[in-house]
Amino acid sequence: MMDNLRTAANGPVLKIVLALIILTFLVTGVTGYLSSESGSYAAKVNGQTISRAQLEQAFLQEKNVQQEKLGDEFSTLLSDEQMLQQLRRQSLERLINATLIEQYARKLGLSASDNQVVQEIRNLPFLQTDGQFDNNKYQEYLSWLAHSNISPDSFAEQVRQELINRQLKQVVIGAEIALPPEIKREAALLLQERTVRFATLELKSIEEKQTITDEELKKYYDANSKHFTVPEKVKVSYIKMDAANELKDVTVSDADIEKYYKNNLVKYTKPEQKKYSFIQLDSDYAAKSILDELKKGADFSQLASEKSTDKFSAQKGGDLGWMEESSLPNELKSVNLTQKGQLSDVVKLSNGYAIFRLDDIKPQEVKLLADVRPEIEKIVKQEKAVDAFYVLQRKVSDAAANDNESLAAAEKAAGYQAVITDWFDRDHVPTDINFNQVVQAIFSGNLIDDKGATGINSDVISVEGDRAFILRVDDVKPETVQSLEQAKPEVTELVKRQKAEKQLQIESEKLLAALKEGKGEQALKTAGIQFEQPTVIKHLAQTNQATDVAFTLPHPKEGKPVYGLAQDELGNVVFIQLDKVVPGSVTDDLLKQYIVGYQYQTGNIMLESLIMNLRDDADIKFGQLE
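In short, a report on the structure. Just so we're clear, the structure is a prediction, and the values are computed from it rather than from any experiment.

Re helix H11 (residues 214–224)
Residue pairs three or four apart in sequence face the same way in an α-helix, which turns once every 3.6 residues. Listing the buried residues of H11 in full gives Leu217, Tyr220, Tyr221 and Asn224. Projection of H11 onto a plane perpendicular to its axis shows the buried side chains occupying an angular sector of 100 degrees, all on one side. Within H11, the exposed residues directed more than 90 degrees away from the buried face are Glu215, Lys219 and Ala223. Buried residues along H11 sit in contact with strand S21 (480–481) and helix H21 (484–516).

Here we look at the packing of aromatic side chains
Enumeration according to the criterion identifies eight aromatic pairs in this entry. Taking 5.5 Å as the distance between ring centres and 45 degrees as the angle between the ring planes, the aromatic pair formed by Phe389 and Tyr390 counts as tilted. According to the relative accessible area criterion, Tyr390 is buried, its value standing at 13%. Through a chain of ring-to-ring contacts, three or more aromatic side chains come together here, namely Tyr238, Phe435 and Phe469. Positioned above the aromatic ring of Trp322 is the side chain of Lys362, whose terminal nitrogen or guanidinium carbon lies 4.4 Å from the ring centre. In this arrangement the basic side chain of Lys477 is found over the ring face of Trp423, its NZ or CZ atom lying 4.5 Å from the centre.

Re the pattern of salt bridges
Pairing between side chains of opposite charge can happen when the charged atoms of each approach one another. One pass over the structure, following the stated rule, counts 18 salt bridges. The residue Glu93 makes a salt bridge to Arg615 at a minimum N-O spacing of 2.8 Å. Taken together, the residues span a long stretch of sequence, with Glu93 in helix H5 (residues 81–108) and Arg615 in helix H24 (residues 588–616) at a distance of 522 residues. Of the residues examined, Glu93 reaches a relative accessible area of 31% and is grouped as partly exposed. Here Arg497 and Glu501 are joined by a salt bridge, their closest N and O atoms 3.2 Å apart. Of the two residues, Arg497 and Glu501 are both situated in helix H21; the distance of four residues between them amounts to about one turn of the helix. If you follow the salt bridges from partner to partner, you end up with Arg88, Asp466 and Arg467 in one network.

Considering the environment of Glu216
On the secondary structure map, Glu216 appears in helix H11. Taking the C-alpha atoms as reference, Glu216 lies 9.7 Å from Val491; in sequence the two are 275 residues apart. Setting aside anything within four residues of it in sequence, one finds Glu216 in contact with Thr211 and Lys499. At 3.0 Å, the side chain of Glu216 and the backbone nitrogen of Thr213 are in polar contact.

Remarks on the pairing of strand S2 (residues 41–45)
Of all five residues in S2, four are buried; the element is thus mostly enclosed. Two elements, S2 and strand S3 (residues 48–51), share four bridges in a ladder whose sense is antiparallel. In the strand pairing of S3, Val45 is matched with Gln48. As paired elements, S2 and strand S25 (residues 619–622) share three bridges and run antiparallel to each other. Counterpart to Lys44 in the pairing with S25 is Lys621.

Conventions and cut-offs
- Residues numbered from 1 in each chain as written.
- Predicted model: local features only at pLDDT ≥ 70, side-chain atom pairs only at ≥ 80, totals over all residues.
- Heavy atoms only, no water.
- Buried < 20%, exposed > 50% of the residue type's maximum accessible area, 1.4 Å probe, protein only.
- Helix = DSSP H or I, 4+ residues; strand = E, 2+ residues; numbered from the N terminus.
- Arc of directions from axis to C-beta.
- Contact = heavy atoms within 4.5 Å.
- Phe/Tyr/Trp six-rings, centres within 6.5 Å; stacked < 30°, edge-to-face > 60°.
- Lys NZ or Arg CZ within 6 Å of the ring centre and 35° of its normal.
- Salt bridge = Lys/Arg side-chain N within 4 Å of Asp/Glu carboxyl O.
- Polar contact = N/O pair within 3.5 Å; in protein donor to acceptor, adjacent residues only side chain to side chain.
- Pairing = 2+ DSSP bridges.

Shown next as structure tokens:
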């Protein structure tokens, strides 16, 4: 593996890739920080803005994915504000990670051409019929994407990013990171089969037999009385402001659209790209000899394949791929190739000498306003709605501050009445206001003191960046401790379970010992349980602790079973009788599959680690999302 990495690292581009990866891991946490800054954006990543419109788009896509996955249960998710809040944060996290990878790939000169993206899409299995690209399936898929509010361009960019991620994985893990002998042992273990029988001693059956005295109840209650409390409860009045409500009153003019287009032209401009190849040699003399051959008409790709010491690019005839000017290594910038087919002179590298060739040029492309008009109109409308939302917040906030005795002035400023809740405690907050910031303001802020409600209005509480609240606590019921009589049913249940758990542990250990001594038949009968029919389990299909424990037991010897025990999720004890172990058989084809899977898994882990370190070293600023 290390030899492969050293060989790949000989090329200037891959050398830079590996060096930067190492540097990223070494400098973890030195300069990165996470800060909060208000603004009309969702986040800024190293100065690059993720707009609220982008976040809303990603959030909508995530909701569509969940709707496809959950079906009829999706309505339950929509009614859970905490789950929606979590989905929105996940959407933003994915946008931040994608931006970091995009910036990193650009820095390294990694890219995916339009032709590669098209070919990747054509090769997607679900868009093929009998191994051939099916345009009808593609059109149906585009319709589904449109239903999910995803444009064809957005889909293509997602495919492009996956191709770039794949390049990163290939660079990080090398070509042969998975060693067959190691994988073969692991595969054999995963394919191993064990014949087992299970018997369950239920906690509930023991619990039902427990008798509890008043003295035991009192003793437990006295030791744990603080756990039998009726929590503090409140009644609240609140005004909810939602950015989505502002959309219906927003209008967008042609001038607004044109202004946004001009101010953000870089977003709709694809920079000029150049495709390069190179041949790397060990000495200046060898490089000049190759350059002479090239000037006489020798085939560049053939010489690169045969002579280049950069084995990674030599496999592709010296091809370095498409690159933008901003991502060119210094060696390439210095030769300043401008014409297709132009050769550089011999260039000295840190680890050899090279000849570069400019293979092709893609001119800068600028999308026409007409092509992006619907997208811009939507973005501008959302931005205007957000601006109007913040104006409304300030207006309602000022009214609530000027008239702190009630929400009457704030209601007038908002244009609608406050909502009045019923009694609730910290663990049962009404769905509409169940956000950490709101709960903190109610129960841990200045709206309540030791005498009850303070009778003042809260400040504006911003939630998720597109909702905000102003509220006041109308009444408070302080926390109280239940009497023993009130808590008696709960205390009785807890004491019974505690006694049953102790008895179950003692009985299970005795029964396991009897099984190991060969006296299990009578012990099982006395306990009122028996082993089930034999079942064959596989390491890959482990689903619970009992099967997990079964694979830790030693192999049976001389036909004598081996015994063990585990605990299930209900607290029951499960006895395990291991009768037989059949080693896994690994064919060459299966081994190849495991190696591919191992590489894929390793690549994902390395990519996740890379993202974590990029985040540690990044300047990430959040808008008003929390």
